[in-house]
Amino acid sequence: MKDTIDSIVNDVKLYSKGLVNALENNHDSEAMDYVQNMKNCLKIVNEYLEMKKDIKS
C-alpha cells in the first residue's frame, strides 16, 4: 500500500505542475481536469491516512 501511496503522491506533484501550466496559459478546461485528478488522488491519500490514524488509536 505504501508504494501505491508514493505513486499517487508523485501523480499529485505532476498534476499540480500541469495545473499551474494550464492556468498560466488560460487553458481553463485542462486546469479543471488537473484539479479533478488531484482531488481523486488526494481522496485516496486521505483515506489511507485516516486508516493509519485508526490503527494507531
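Structure's up top.
Residues numbered from 1 in each chain as written. Predicted model: local features only at pLDDT ≥ 70, side-chain atom pairs only at ≥ 80, totals over all residues. Heavy atoms only, no water.

(A) Layout of helix H1 (residues 2-24). Relative to the 33 Å expected for 23 residues at 1.5 Å per residue, H1 spans 33 Å between its end C-alpha atoms, a close match to the ideal helical length. Turning to H1, its buried residues number three or more, namely Ile5, Ile8, Val12, Gly18, Leu19 and Ala22. Asn26 occupies a position one or two residues after H1 and carries a positive phi of about 55°. (Helix = DSSP H or I, 4+ residues; strand = E, 2+ residues; numbered from the N terminus. Expected span 1.5 Å × (residues − 1). Buried < 20%, exposed > 50% of the residue type's maximum accessible area, 1.4 Å probe, protein only.)

(B) Representation of the nonpolar core within the structure. The biggest cluster of nonpolar side chains holds six residues, and these are Ile5, Ile8, Val12, Cys41, Val45 and Tyr48. Contributing elements (two or more residues each) for this core: H1 and helix H2 (28-56). Apart from residues no more than four positions distant in its own chain, Val45 is found in contact with Ile5, Ile8 and Val9. (Core = buried A, V, L, I, M, F, W, Y, C linked by side-chain atoms within 4.5 Å. Contact = heavy atoms within 4.5 Å.)

(C) Representation of the packing of aromatic side chains in the model. On inspection of all chains with the given rule, the structure shows one aromatic pair. Between Tyr15 and Tyr34 the ring centres are 6.3 Å apart and the planes differ by 50°, which places this aromatic pair in the tilted class. Note that Tyr15 is positioned in helix H1 and Tyr34 in helix H2, a separation of 19 residues in sequence. For Tyr15, a relative accessible area of 23% puts it in the partly exposed group. (Phe/Tyr/Trp six-rings, centres within 6.5 Å; stacked < 30°, edge-to-face > 60°.)

(D) How the structure looks around H2. Compared with the 42 Å implied by 1.5 Å per residue over 29 residues, the 41 Å span of H2 between its first and last C-alpha is a close match. Listed as buried for H2 are Ala31, Met38, Cys41, Val45 and Tyr48. Tucked inside the fold, the buried residues of H2 contact H1.

(E) Summary view of the pattern of salt bridges. Using the criterion set out here, one finds one salt bridge in the structure. For the salt bridge of Lys53 with Glu50, the shortest nitrogen-to-oxygen distance reads 3.6 Å. With Lys53 and Glu50 both in helix H2, this residue pair falls three residues apart, about one helical turn. A relative accessible area of 35% means that Glu50 is categorised as partly exposed. (Salt bridge = Lys/Arg side-chain N within 4 Å of Asp/Glu carboxyl O.)

Interpretation in functional terms is not warranted from these geometric data alone.
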